[in-house]
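Observations on chain architecture
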Amino acid sequence: MKITKEQAQLVSKLLRITEEEAVKYSHEVEGVDAVYISIPEKGGASMLVSPDLEVLYAISSVSFDKHLEAYKLGMRTPIEAFEE
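Since the model is a prediction, treat every value here as computed from it, not as a measurement.

1. Topic: the sheet that holds strand β1 (residues 26-28)
Strand order in the open sheet made by the four strands is β1-β2-β3-β4, with antiparallel pairing throughout. Looking at which strands have only one partner, the edges of the open sheet turn out to be β1 and β4 (55-58). Neighbouring strand axes in the sheet, compared pairwise and without regard to direction, differ in orientation by 20 degrees on average. Where helix α1 (residues 5-15) meets the sheet, it contacts β2 (35-38), β3 (46-49) and β4, and its direction lies at approximately 150 degrees from that of β3.

Written out as C-alpha coordinates, the structure is:
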(Lines give C-alpha, C1' and ligand atoms only; values in the text may rest on other atoms or scores of the structure.)
Protein backbone atom coordinates (compact mmCIF):
# COMPACT_ATOMS: atom_id res chain seq x y z
CA MET A 1 0.00 0.00 0.00
CA LYS A 2 1.16 3.52 -0.71
CA ILE A 3 1.22 6.13 2.01
CA THR A 4 -2.04 8.06 2.40
CA LYS A 5 -2.41 11.75 3.14
CA GLU A 6 -3.53 10.91 6.69
CA GLN A 7 -0.54 8.63 7.27
CA ALA A 8 1.85 11.28 5.91
CA GLN A 9 0.32 13.91 8.20
CA LEU A 10 0.66 11.64 11.24
CA VAL A 11 4.25 10.66 10.43
CA SER A 12 5.12 14.31 9.85
CA LYS A 13 3.79 15.22 13.29
CA LEU A 14 5.31 12.29 15.18
CA LEU A 15 8.75 12.22 13.54
CA ARG A 16 8.96 16.00 13.07
CA ILE A 17 9.56 15.87 9.35
CA THR A 18 7.62 17.42 6.49
CA GLU A 19 4.76 15.60 4.82
CA GLU A 20 6.83 15.61 1.63
CA GLU A 21 9.68 13.86 3.47
CA ALA A 22 7.21 11.33 4.91
CA VAL A 23 6.11 10.47 1.38
CA LYS A 24 9.70 10.43 0.07
CA TYR A 25 10.93 8.13 2.84
CA SER A 26 7.93 5.76 2.71
CA HIS A 27 8.05 2.24 1.35
CA GLU A 28 5.41 -0.37 0.66
CA VAL A 29 5.78 -3.53 2.74
CA GLU A 30 4.92 -6.74 0.94
CA GLY A 31 2.45 -8.95 2.76
CA VAL A 32 1.59 -6.41 5.46
CA ASP A 33 -1.13 -3.79 5.51
CA ALA A 34 1.21 -0.99 6.57
CA VAL A 35 3.64 1.58 5.24
CA TYR A 36 7.27 1.72 6.37
CA ILE A 37 8.95 5.10 6.83
CA SER A 38 12.67 5.28 7.49
CA ILE A 39 14.63 8.50 7.88
CA PRO A 40 17.90 7.91 5.98
CA GLU A 41 20.36 9.63 8.27
CA LYS A 42 22.54 8.65 11.20
CA GLY A 43 20.27 8.15 14.18
CA GLY A 44 17.18 8.33 11.96
CA ALA A 45 14.11 6.60 13.30
CA SER A 46 11.66 4.38 11.47
CA MET A 47 7.97 3.72 11.77
CA LEU A 48 5.37 1.29 10.50
CA VAL A 49 1.95 2.87 10.06
CA SER A 50 -1.31 0.97 9.53
CA PRO A 51 -4.28 2.25 7.51
CA ASP A 52 -6.09 2.99 10.78
CA LEU A 53 -3.08 5.08 11.92
CA GLU A 54 -1.64 2.71 14.50
CA VAL A 55 2.15 2.98 14.62
CA LEU A 56 5.19 1.05 15.69
CA TYR A 57 8.22 3.28 16.20
CA ALA A 58 11.81 2.01 16.20
CA ILE A 59 15.19 3.62 16.79
CA SER A 60 17.87 3.33 14.13
CA SER A 61 19.60 0.35 15.76
CA VAL A 62 16.52 -1.86 15.26
CA SER A 63 16.71 -3.80 12.00
CA PHE A 64 13.82 -3.75 9.54
CA ASP A 65 13.27 -7.49 10.05
CA LYS A 66 12.97 -7.15 13.85
CA HIS A 67 10.76 -4.09 13.46
CA LEU A 68 8.45 -5.91 11.04
CA GLU A 69 8.37 -9.04 13.21
CA ALA A 70 7.27 -6.97 16.23
CA TYR A 71 4.60 -5.26 14.11
CA LYS A 72 3.26 -8.63 12.91
CA LEU A 73 3.08 -9.77 16.56
CA GLY A 74 0.76 -6.84 17.25
CA MET A 75 3.14 -4.53 19.04
CA ARG A 76 2.27 -0.82 18.70
CA THR A 77 3.60 2.44 20.09
CA PRO A 78 0.95 4.54 21.84
CA ILE A 79 0.54 7.93 20.18
CA GLU A 80 0.78 9.46 23.68
CA ALA A 81 4.42 8.33 23.80
CA PHE A 82 5.26 11.11 21.32
CA GLU A 83 3.75 13.92 23.37
CA GLU A 84 6.10 16.33 25.02
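2. So, the nonpolar core
If you look at soluble globular proteins, the nonpolar side chains tend to sit buried side by side. One finds V11, L15, I17, I37, M47, V49 and V55 to be the most contacted residues of the largest nonpolar core, which totals 17 residues. Listing elements by their share of this core, those giving two or more residues are α1, β2 and β3. The greatest single-element share of this core, amounting to five residues, is contributed by α1. Residues contacting V55, with those up to four places away along its chain left out, are L10, L14, M47, L48, V49, R76, T77, I79 and F82. Grouped together as the second largest cluster of nonpolar side chains are nine residues, V29, A34, L68 and Y71 included.

3. A short note on α1
Regarding α1, the residues found buried are Q7, A8, L10, V11, S12, L14 and L15. Buried residues along α1 sit in contact with α2 (19-24), β2, β3 and β4. Directly beyond the C-terminal end of α1, a positive phi value near 55 degrees is found at R16.

4. What about helix α3 (residues 64-72)?
Turning to α3, its buried residues number three or more, namely H67, L68, A70 and Y71. Angular distribution of buried residues about the axis of α3 spans 160 degrees; they occupy a single face of the element. Those residues of α3 that are exposed and aimed more than 90 degrees away from the buried face are D65, K66, E69 and K72. On the buried face of α3, the contacting elements are β2, β3 and β4. A positive phi of about 95 degrees marks G74, the residue just after α3.

Each value, and the rule that gives it
- Counting from 1, residues in each chain are numbered in the order their sequence is written.
- Selection of residues for local features in this predicted model requires a pLDDT of at least 70, selection of side-chain atom pairs for listing and counting requires 80 or more, and totals for whole chains, interfaces and linings are taken over all residues.
- The side-chain numbers reported here are obtained from all heavy atoms of the structure, hydrogens and water having been left aside.
- Criterion used throughout: strands pair if DSSP finds at least two bridges between them.
- A helix here means a DSSP run of H or I that spans at least four residues, while a strand means a run of E at least two residues long, and both kinds are numbered starting from the N terminus.
- Only the stretch in contact is used when a helix axis is fitted, and all axes are lines through C-alpha atoms; the angle between N-to-C directions ranges over 0 to 180 degrees.
- Two residues form a contact once any of their heavy atoms are found within 4.5 Å.
- In this description, a nonpolar core means a group of buried Ala, Val, Leu, Ile, Met, Phe, Trp, Tyr and Cys residues linked to one another through side-chain atoms lying within 4.5 Å.
- Type-normalised accessible area, obtained with a 1.4 Å probe on protein chains alone, sets the label of each residue: buried when under 20%, exposed when over 50%, and partly exposed for intermediate values.
- Think of it as the arc spanned by the lines of direction from the helix axis to the C-beta atoms.

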